[in-house]
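# Architecture at a glance
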Amino acid sequence: MKRYTKKTAGLVFLLLVTSVAFGLLVAYGFRISAAVTSGLLLIEVYGLFRLMERSDRLFKQFIWSMRYSDFLSSGPPLQEQGDKIPQDLVNAMEEALQHYKKHLQEKESQLQYFQALANHIDLSVFVYSESGQVEWMNQAFKIQTGLNFAETIDDLAAYHPELPARLRTLHPGELSILQVRRKEDYSQLILSSISFVVLGKPLKVVSMKNIRSVLENKETEAWQKLIRVLTHEIMNSMTPIVSLSELLRNKCMDEAMSDAEEREETGQAIETIYRRSSGLVRFVESYRKVAGIPTPVPEIIPVNSLLNDACLLFKEQENILKVLPSTAHLQVIADKGLIEQVLINLIKNALDATRHRPDPQIELSAGINEEGKTFIRVSDNGTGIPADVQERIFIPFFTTKPSGSGIGLSISRQIMHMHKGDLTVTSEDGTGSRFLLLFS
């Protein structure tokens with residue numbers, strides 16, 4: 001740096017001396033000498049200009065690299081300019097650039113790490129500004145909404161018409177539940193948000209979580225706990241009553257009573273007790289079925305084989321029941337016996353729903369949905385299910401049939417939940433129903 005300063009000072013001093021000499025030569029009429037001196041003066045000015053230009057170019061390159069993080073910008077590297085400008089200055093600039101570059105790489109690595117982490121979680125997350133501009137969305141959000149890009153939150157109306165309005169009124173710390181139905185998929189989303197400021201720009205982070213399966217599992221657990229208590233208490237009371245009434249009935253039949261009319265009345269009373277208590281025991285046994293589903297023993301099952309085996313149990317309805325061909329290698333990992341039970345329950349319901357149709361049709365099909373999950377669909381052209389009944393049909397003991405127990409669909413959904421899957425229904429009153437078995 002001292003060398004650079006001395007060189008610059010020398011050039012300036014030489015320029016001053018030459019300028020004074022040129023002035024004196026002109027004043028005293030030495031024209032030829034003055035002309036030569038003027039040439040030297042021009043050379044010195046040019047040298048000083050070149051020195052300043054090189055320094056200016058170096059500083060511009062340094063500032064450009066810092067401003068745009070462009071460490072491979074055009075122009076010679078700083079190390080190669082040590083013969084033209086002070087090496088101390090080059091080293092200081094190069095050290096500053098390397099430090100800045102390392103710091104920038106660390107920040108970039110952190111950003112990539114957190115982006116990969118945010119894209120890996122199954123929670124849908126996106127960020128937007130106060131003006132509604134969408135700044136970022138993770139992979140789970142794109143998969144859930146089916147939107148690869150959204151410029152503003154108004155674009156999210158393509159997923160659900162109410163979502164933009166909900167986001168505008170959603171305050172930090174609040175929770176909002178949104179029900180979404182897309183084709184055959186039904187979701188209950190819980191929305192939550194937090195606010196923060198980045199570089200003076202207010203932003204809001206919103207997360208969306210489908211809590212439908214959680215709510216259904218909790219509901220099922222509550223039903224099962226209640227059923228266990230009911231069955232335990234009722235069975236403890238009814239079992240001895242059944243046993244005692246049967247003993248008394250047999251005794252009345254074997255021993256002669258003094259009064260035939262009294263014996264007949266006693267026998268009728270005992271018979272009534274026996275019949276009603278036996279019916280109550282059978283009713284309680286149906287409760288036990290809801291709470292007593294065995295643990296699945298999973299295996300790899302070809303879907304075509306599973307559907308064909310289920311149809312064999314309804315051979316007499318083969319003109320109504322059809323299996324649509326699916327991909328030959330399509331498989332599921334499940335307990336074959338339990339999934340067959342689900343299919344049997346759904347087929348029986350479909351047969352009942354199409355009983356009064358002039359051209360009853362029941363179709364079993366399978367495939368892979370947009371999320372890459374395997375599904376089995378049971379469709380019929382029956383009477384359909386009213387909208388206000390659709391979600392209640394999975395509640396234990398709820399039924400619209402006079403002779404139904406109301407446990408078939410409840411057990412079927414529980415079996416699918418035990419397989420980490422789901423059972424949903426799409427139906428319109430009078431146009432048929434479509435039950436979807438979705439495997440994880």
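Please read these numbers as outputs of a predicted model, since none were measured by experiment.

## Details of the packing of helix 8 (residues 303-312) against helix 9 (residues 336-353)
As a packed pair, helix 8 and helix 9 sit with axes 10 Å apart at the nearest point and diverge in direction by 55°. Comparing their axes, helix 9 and helix 8 come out oblique. Considering only the axes of helix 8 and helix 9, their crossing is right-handed. Here S305, L306, L307, D309 and A310 of helix 8 lie close against helix 9, whose contacting residues are K336, I339, E340 and L343. Class assignment of the residues belonging to the contact of helix 8 with helix 9 gives a composition of five nonpolar, one polar and three charged.

## A few points about the sheet that holds strand 10 (residues 374-380)
One open sheet accounts for five strands, arranged 7-9-10-12-11; its pairing is mixed. At either end of the open sheet lies a strand with only one pairing partner, and these are strand 7 (321-323) and strand 11 (422-428). Between one strand axis and the next, the sheet turns through 20° on average, direction left out of account. Pairing of strand 10 with strand 12 (residues 432-438) involves six bridges; the strand directions are antiparallel. Residue pairing across strands places S379 opposite R434, the latter belonging to strand 12. Helix-sheet contacts for helix 11 (residues 408-418) involve strand 11 and strand 12, and the interaxial angle to strand 11 is about 135°.

## Overview of the confidence of the model for the protein chain
With 68% of its residues at a pLDDT of 70 or more, the protein chain shows a mean pLDDT of 76. Per-residue pLDDT stays below 50 along residues 72-83; that stretch engages in 18 contacts with residues further than four places along the chain or on separate chains.

## Description of the pairing of strand 2 (residues 134-137)
Summarising the sheet, strand 1 (residues 124-129) and strand 2 pair through three bridges and their orientation is antiparallel. Residue pairing in the sheet places Y128 in a bridge with V134 of strand 2. Linkage of strand 1 to strand 2, two consecutive antiparallel strands, is achieved through a turn of four residues, within which G132 is found at a positive phi near 95°.

## Notes on the side chain of H160
Residue placement: H160 occurs in the loop between helix 4 (139-145) and helix 5 (163-169). At 3.0 Å, the side chain of H160 and the backbone nitrogen of E162 are in polar contact. If we skip the residues at most four places from it in the chain, H160 touches L178, Q179 and V180.

## Quick notes on the nonpolar core
Ranked by internal contacts, the top residues of the largest apolar core, which has 40 residues, are I376, F435 and L437. Put simply, the parts of the chain that give this core at least two residues each are helix 8, strand 8 (331-334), helix 9, strand 9 (362-368), strand 10, helix 11, strand 11 and strand 12. A total of eight residues in this core trace back to one element, the largest contributor, which is helix 9. Apart from residues lying up to four places away in sequence, F435 is in contact with L346, I376, R377, V378, I385, I393, F394, L409, L423, T424 and V425. Counting 19 residues, the second-largest nonpolar core is a separate cluster that includes I153, L156, L163 and V180.

## Looking at the side chain of S427
Assignment of secondary structure puts S427 in strand 11. Judged by relative accessible area, which is 10%, S427 ranks as buried. Polar side-chain contacts of S427 include one of 2.8 Å to the backbone nitrogen of I385. Polar contacts involving the side chain of S427 include one to the side chain of S433, which spans 2.9 Å. Discounting residues that sit within four places of it in the chain, S427 has contacts with G384, I385, Q390, G432 and S433.

Cut-offs and rules
Residues numbered from 1 in each chain as written. Predicted model: local features only at pLDDT ≥ 70, side-chain atom pairs only at ≥ 80, totals over all residues. Heavy atoms only, no water. Axes fitted to C-alpha atoms, helices over the stretch in contact; angles between N-to-C directions. Helix = DSSP H or I, 4+ residues; strand = E, 2+ residues; numbered from the N terminus. Parallel < 35°, antiparallel > 145°, perpendicular 65-115°, else oblique. Left-handed = near helix turned anticlockwise from the far one by under 90°. Contact = heavy atoms within 4.5 Å. Nonpolar A, V, L, I, M, F, W, Y, C, P; charged D, E, K, R; others polar. Pairing = 2+ DSSP bridges. pLDDT = per-residue confidence, 0-100. Polar contact = N/O pair within 3.5 Å; in protein donor to acceptor, adjacent residues only side chain to side chain. Core = buried A, V, L, I, M, F, W, Y, C linked by side-chain atoms within 4.5 Å. Buried < 20%, exposed > 50% of the residue type's maximum accessible area, 1.4 Å probe, protein only.

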